[in-house]
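# Commentary on secondary and tertiary structure
In case you want the letters, here they are:
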Amino acid sequence: MRSVCEIGLKYRILPEGDPLKGLYLRWAVLLSLFGVIGLLGWGRYNREVRAQEPKALLKISSGSDLRVIGRIEGGSLVRGSEGKPFEFTLSGEGEQVSVNFMGEDQDTLRELKTIVVIGSWDGENRHFKAKEIALIPNYDFITWAYLTSLIPLAFFIFRMERKVALLYIMIKEEKAYQRENLS
Amino acid sequence: MLSTRFIGWLRRYEKWFGIAAVILMVIGLYTGLVTSSADYYQGEVVRIMYVHVPFAQTAMFAYSTLFFCSIWYLWKRDPIVDNAAHAAAGIALFFTAGGLLTGSIWGKPTWNTWWTWDPRLTSFAILFLTLVGYLMLRTFLDDKEKRATFGAILAIIGFIDLPIVHFSVEWWRSLHQPLSVSTRGVSIAADMALPLSLMSIGFTLLFTYMLMVRTQMLYLEYLLEAKQGRLMSEERL
């Protein structure tokens, strides 16, 4: 009768070399790969999503392609018509800036709603000229959703793979794979 | 003998599923987090979809695997199939918890609540409880045969919940968005469909990889336990 060890070797279920070394190396590469994507995502956030409060904007003399987050003050919104821009006051952290926006009417443009305006800033006249309006990014929720799901997932798989590697080592060391007909 | 051959097969091919899953997930995450556009109504927060939907889909796929393995076990009584069912249940529970968690985080900025007793959410929570029940049942029963049989029966009964989860958004009024891909067509922009598809296929492959690893783990645990038990009884003799 053939031993379980012989069968195991035939079907290559007993690993060759140190299985843990390969495991750690593989996971180091994987974590680096996902780390790079995390950094690219973080870079995009800083470049295209991150917005500043009106208080920080007031410290700048002028600038273009700026993103400012704030709440449209109640009673300040004047809807544009026939080539005239929308006008409103954006507030945040106790400071206010007047904004005009030349573009189509959209659901986002409502009084007391927090929005992001993208455009250029004239510090001398304390006036912001918006070319685009965006919703608040809520990036903290996105970050939490990814971190609280992908980190436990990686940990779950790592523990599983490590356990399999350890079990193979234990089976080898315990000499559990030996002839079935021991007497 | 058949089990050993099957475990050998799993060990030989598992890495290909793992590699394919990682490649698809890396591209999916890159396109989802970096290159895809924000949604008109939800803004940037729509990016949670690229992790929430694959988690939920994989949970349902894992439960379907548990269901088919349970039927197969009751039919053939093959212990390795019971191992696969047990492995699928553990993974399904993990993905169901992940689906609930990411859904809750997505719900706060879009519905202004972490949780609501919506038909989709409630039926998905029932799926989670069914899986907890399945694993608890397996823990409480000592007899391997009974554990596998009763577990399989429970998993088959619990499968009723799966179509309810899937069609709940069609059958009842729901806060949850309706199906993006159905017989009526595809209602998702192309640059959002790409990362979502990549992540969904990547997660399915990842589940297959995890199932292969976990089935081995449970089999090896059982094997080691049996061998150690036999060696101990021999020493006592």
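About the criteria used
Residues numbered from 1 in each chain as written. Chains lettered and ligands numbered in written order. Predicted model: local features only at pLDDT ≥ 70, side-chain atom pairs only at ≥ 80, totals over all residues. Heavy atoms only, no water. Salt bridge = Lys/Arg side-chain N within 4 Å of Asp/Glu carboxyl O. Helix = DSSP H or I, 4+ residues; strand = E, 2+ residues; numbered from the N terminus. Buried < 20%, exposed > 50% of the residue type's maximum accessible area, 1.4 Å probe, protein only. Polar contact = N/O pair within 3.5 Å; in protein donor to acceptor, adjacent residues only side chain to side chain. Contact = heavy atoms within 4.5 Å. Buried area = accessible area lost by both parts, 1.4 Å probe. Nonpolar A, V, L, I, M, F, W, Y, C, P; charged D, E, K, R; others polar.

It is worth spelling out the pattern of salt bridges at this point. Applying the stated criterion to the full structure yields ten salt bridges over all chains. Close ionic contact of R26 of chain A with E161 of chain A constitutes a salt bridge, the shortest N to O distance being 3.0 Å. You can see R26 of chain A sitting in helix 2 (residues 19-49) and its partner E161 of chain A sitting in helix 4 (residues 139-173), a full 135 residues away along the chain. Residue R26 of chain A is classed as partly exposed on the basis of its relative accessible area, which comes to 41%. R44 of chain A serves as the salt-bridge partner of E44 of chain B, at 3.2 Å between the closest nitrogen and oxygen. Of this pair, E44 of chain B sits in the loop between helix 1 (2-35) and helix 2 (49-76) while R44 of chain A sits in helix 2, on two different chains. On the accessibility criterion, E44 of chain B (11% relative accessible area) is buried.

What follows concerns the side chain of S76 of chain A. All names here are of chain A. With respect to the element layout, S76 can be found in the loop between strand 1 (62-72) and strand 2 (86-92). Of the polar contacts made by the side chain of S76, one reaches the backbone nitrogen of T89; its length is 3.1 Å. Once you skip the residues sitting within four places of it in the chain, S76 turns out to touch E87, F88, T89 and E111.

The subject of this paragraph is the interface of chain B and chain A. Interface extent is often summarised as the accessible area lost during association of the parts. At the interface, 52 residues of chain B touch 48 residues of chain A. Taking both sides of the interface into account, the surface hidden between chain B and chain A amounts to around 4,700 Å²; carbon and sulfur atoms contribute 74%. Of all residues in chain B, R11, E44 and L224 of chain B bury the most surface against chain A, accounting for 12% of the area lost on that side. In this structure, the connection of chain B to chain A is made through two salt bridges. Counting the contacts that link chain B with chain A gives six residue pairs in polar contact (both at pLDDT 80 or more). Only helix 1, helix 2, helix 3 (79-111) and helix 7 (190-236) of chain B provide two or more residues apiece to the side of chain B that touches chain A. The leading source of residues in the side of chain B that touches chain A is helix 7 of chain B, at 17 residues. Across the side of chain B that touches chain A, the residue classes tally to 32 nonpolar, eight polar and twelve charged.

The values reported here are purely geometric and, on their own, carry no functional implication.
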